Amino acid sequence: MSQLSKKPNIDIEEILLDKMVTGRPNNKLEKLEAHLSSQKFLLFFVIITGFLVILYARVFYLQVARGSYFYKLSEDNKTRYVPIKAARGLILDRYGNNLVENQTTLSLILSPRDLLQNSHRDATIEKVKEIFSLEGDWDSKYKDESKSNFGFDPVLLETNVSVEEARRFESEISSEDKNGFYLIEDYSRHYLDDEAFSHLIGYTGKMDQNDIKNHPEYPVADIIGKMGLESYYEKFLHGVSGKRIMEVNAKSEVSPYIKEEPAQPGNNLVTTVDRELQTFFYQTLKEATDDLHIHKAAGIITNPKTGEMLALVSLPAVNANALTKGYPVKEVRAMLENSHMPFLNRVISGLYAPGSTIKPLVALAALEEKTIDPSKKIRDEDAIIIPNPYDPNKPSIFRDWKNHGIVDMKSAIANSCNIYFYALGGGYKDIKGLGIQKLKEYWEKFYLGNILGIDLYGEKKGVLPDPEWKKVNKPDDPVWRLGDTYNVSIGQGDLLVTPLELAFYLGALANEGKIMKPYIVSKIIDNNKNIVYNAAPRVLSELKFQKENFKIVKEGMRGVVTIGSAQMLKDLDDMKVAGKTGTPQIEQGKKTNALFAAFAPYEDPDILVLVLLEEPPQGSVVAIPVVDKVMRWYHDNRYQK
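Caption draft 1: Molecular detail of the overall build of the protein. When helices and strands are tallied, the protein shows 23 helices and 25 strands. Here the protein, with 641 residues, has 51% of them falling under the buried criterion. Taking all contacts inside the protein whose residues are at least 6 apart in sequence as the whole, residues at least 24 apart take part in 70%. In the form shown here, the protein has an accessible surface area of approximately 32000 Å², with 52% of it arising from carbon and sulfur atoms.

Right under this line is the structure:
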């Protein structure tokens, strides 16, 4: 052994000496380290850098990109919540009268994660279904042991829980077996005149899959507007639900709540509607349909100066309270299966031939185009006969409903003479006629075939036929003929409009050229009485027609009341009502609808009433008494002399 090794401490130089190789030439020292190549060093650096990048990317993903998600997940694992329902905003009429109320009630909700820990889950579900008469297979996914089927958000099972149901739930199911089911305080919508306002206000109901998709910010256990103003102004009415948060331990035992997030009530709608007028209008229209043994009707009352909707009725109506509460089940099912389609708002979505109510527009167009002198008198014959070039034995015959004798424009409007308007629209003898293109031009000027923009979902636009339309829509009979022009000139044929379009075209005649935008909500107010939204009358278009031409047409419509078929309104002298009837034929002339629209005072109107009755046993005259009763109510209760 080397003497060096006996030393207690070894120097670094001595290590090198031990590496001397005895007997090797020159006693050269062995190489102590291997040289690392630049390629290996670079590979090592890349690997380490790659691992660091992956590590930092994962940290960024977990802490930043998905940080809030995983934080929520951890919170959800240790907490549960039940919703604190927000009261929906109220809906008021133009005078501040409530149209809806919020009533306190109870709702049954399900907390899926808590149900997972219920050892008697299947038996509890069956008992809950029996107590609350729950139908459907909603429970099937909650019987699966897979946790992927169980969410954190409470699910609304039943609203408007009765006292008897609540008592049975508390007494017949033990505290342990209740795990997953909760009764919470809730609000139930109550409609004061449910059927009278059903198509105007609508109703509320549980959220379906589309609602959940469209409103991800809502708790699944919320209710939502399903029709009418409840649906259109949902985001203003809804409010923000709160939460009562509870802590859950490792055994899934729920402690009393640890904190609350208070609910924020929704905003209130102030409408242009007159509650008393709406209720009277509905009752009058309903009595008329009952007396005539018919089911379908539509009615509008508006202020033609402003576009404010004073009343809107569609029959058959729906029971909004039954739909909101979900019972009686038999009544709800009857509404859903009713062949008369009670959920259709006929005022804004129904398409009808306007019949003779279109004649004032044709008269005004003829005056503007100077195709006839309004004082020109023509003989109103029984019919216009057009020879058939293909078969002389089968001419086309366009009849009047009676022989009116000698008429001018005003008397033709007052007595609804078909022959006169056949001539104005398509031409006859020495009257050139407007032709289909001019007719369509004036339809469009009055916003027919257009969306007016009322604040309700489901508004449709009318059908304005012309030669191109017929080619596309009637390939078996694509040629536009003179008879087609004659038909649309008196509101027949393929011309279709909604009652809303019809009312606002007549309103534009009444106010001499201003086509107003219809609206129902005048303002929205929050719970601190701050105005969130304020509406105002809006002119969609203003027709720069000769005032004298409007006057002539309006005087003709005044004649409908003074010398025509609506003389029962004649004694309202201070209001001076003007109007126009219509009896459009449907189903190839086998049936007719009845139309009557009137406005007053005719020189400067502030009310317009339109009534449509589908398939009554008589003609348009049956609609006149409905309008007469409404006008008299308005005269006695609202009219400012």
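Caption draft 2: Examining a nonpolar patch on the surface more closely. Among the surface-exposed residues, F44, I48, L52, L55, Y56 and V59 lie close enough to one another that they form a single nonpolar patch of about 610 Å² accessible area. With respect to the element layout, V59 can be found in helix α2 (residues 38-65). V59 gets classed as partly exposed once you look at its relative accessible area, which sits at 39%.

Caption draft 3: Representation of empty space enclosed by the protein within the structure. Counted under the stated rule, the structure contains four cavities of 30 Å³ or more. Roughly 120 Å³ of volume is contained in the largest cavity. A86, R88, D186, Y187 and I223 are the residues nearest the centre of the largest cavity, which is lined by 13 residues in total. Taken as a whole, the second largest cavity holds about 60 Å³ of empty space. If you go around the second largest cavity, the residues you meet are T105, S107, T159, N160, D186, Y187, S188, R189, T204, G205, I223 and T324. Of all elements in the fold, only β3 (100-110), β5 (181-191) and β6 (204-206) reach the threshold of two or more residues within the lining of the second largest cavity. Top element by residues in the lining of the second largest cavity is β5. It accounts for four residues. Residues of the lining of the second largest cavity, tallied by class, amount to two nonpolar, eight polar and two charged.

Caption draft 4: Representation of the packing of helix α15 (residues 359-368) against helix α18 (residues 436-445) within the structure. At their nearest, the axes of α15 and α18 sit 10 Å apart, and the two run at 110° to each other. With respect to α18, the element α15 is oriented roughly perpendicular. Like other packed secondary-structure pairs, α15 and α18 cross with a definite hand, here right-handed. The segment α15 lies against α18, with L361, V362, A365 and E368 engaging L439, Y442 and W443. Tallied by class, the residues present in the contact of α15 with α18 amount to six nonpolar, no polar and one charged.

Caption draft 5: Highlighting α15. With 10 of 10 residues buried, α15 is to be regarded as a mostly interior element. Here α15 has its buried residues at K359, P360, L361, V362, A363, L364, A365, A366, L367 and E368.

Caption draft 6: Summary view of the sheet that holds strand β10 (residues 268-271). Strand order in this open sheet of four strands is β2-β10-β18-β19, and the pairing throughout is mixed. The open sheet has two edge strands, β2 (91-92) and β19 (531-534), and neither has a second partner.

Caption draft 7: Looking closely at the side chain of H199. Here H199 shows up in helix α7 (residues 198-201). Reaching out from H199, the side chain makes a polar contact with the backbone oxygen of P342 at a distance of 2.6 Å. A distance of 3.4 Å separates the side chain of H199 from the backbone oxygen of L344, its partner in a polar contact. Setting aside its immediate chain neighbours within four residues, H199 contacts M227, G228, L312, S314, P316, A317, V318, P342, F343, L344, N345 and L456.

Caption draft 8: Up close: helix α5 (residues 121-132). Compared with an ideal rise of 1.5 Å per residue, which puts 12 residues at 16 Å, α5 spans 16 Å between its outermost C-alpha atoms and is within 8% of the ideal. The complete set of buried residues in α5 reads R121, T124, I125, V128, K129, I131 and F132. In a view along the axis of α5, the buried residues occupy a sector of 165°, so they form one face of it. The elements touched by buried residues of α5 are β3, α4 (112-116), β4 (155-158), α6 (163-172) and β5. Once α5 finishes, S133 follows within two positions and takes phi at roughly 55°, a positive value.

Caption draft 9: Molecular detail of the packing of aromatic side chains. One pass over the full model with this rule turns up 14 aromatic pairs. On the numbers, 5.3 Å between centres and 40° between planes, the contact of Y422 with Y486 is tilted. A residue pair is termed long-range when its members are at least 10 positions apart, and Y422 in helix α17 (residues 418-426) and Y486 in helix α20 (residues 482-489) qualify at 64 residues. A ring pair is formed by F545 and F550, whose centres lie 5.9 Å apart and whose planes are at 20°; its orientation type is stacked.

What counts as what
- Residues numbered from 1 in each chain as written.
- Predicted model: local features only at pLDDT ≥ 70, side-chain atom pairs only at ≥ 80, totals over all residues.
- Heavy atoms only, no water.
- Helix = DSSP H or I, 4+ residues; strand = E, 2+ residues; numbered from the N terminus.
- Buried < 20%, exposed > 50% of the residue type's maximum accessible area, 1.4 Å probe, protein only.
- Contact = heavy atoms within 4.5 Å.
- Areas by Shrake-Rupley, 256 points an atom, 1.4 Å probe, with all protein chains shown as cover.
- Patch = residues over 30% accessible without salt bridge, like charges linked within 9 Å, V, L, I, M, F, W, Y side chains within 5 Å.
- Salt bridge = Lys/Arg side-chain N within 4 Å of Asp/Glu carboxyl O.
- 1 Å grid on protein atoms, 1.4 Å probe; cavity = no way out; pocket = protein on both sides within 12 Å on 5 of 7 lines; lining within 4 Å.
- Points joined across faces, edges and corners; volume = space filled by probe spheres on them.
- Nonpolar A, V, L, I, M, F, W, Y, C, P; charged D, E, K, R; others polar.
- Axes fitted to C-alpha atoms, helices over the stretch in contact; angles between N-to-C directions.
- Parallel < 35°, antiparallel > 145°, perpendicular 65-115°, else oblique.
- Left-handed = near helix turned anticlockwise from the far one by under 90°.
- Pairing = 2+ DSSP bridges.
- Polar contact = N/O pair within 3.5 Å; in protein donor to acceptor, adjacent residues only side chain to side chain.
- Expected span 1.5 Å × (residues − 1).
- Arc of directions from axis to C-beta.
- Phe/Tyr/Trp six-rings, centres within 6.5 Å; stacked < 30°, edge-to-face > 60°.

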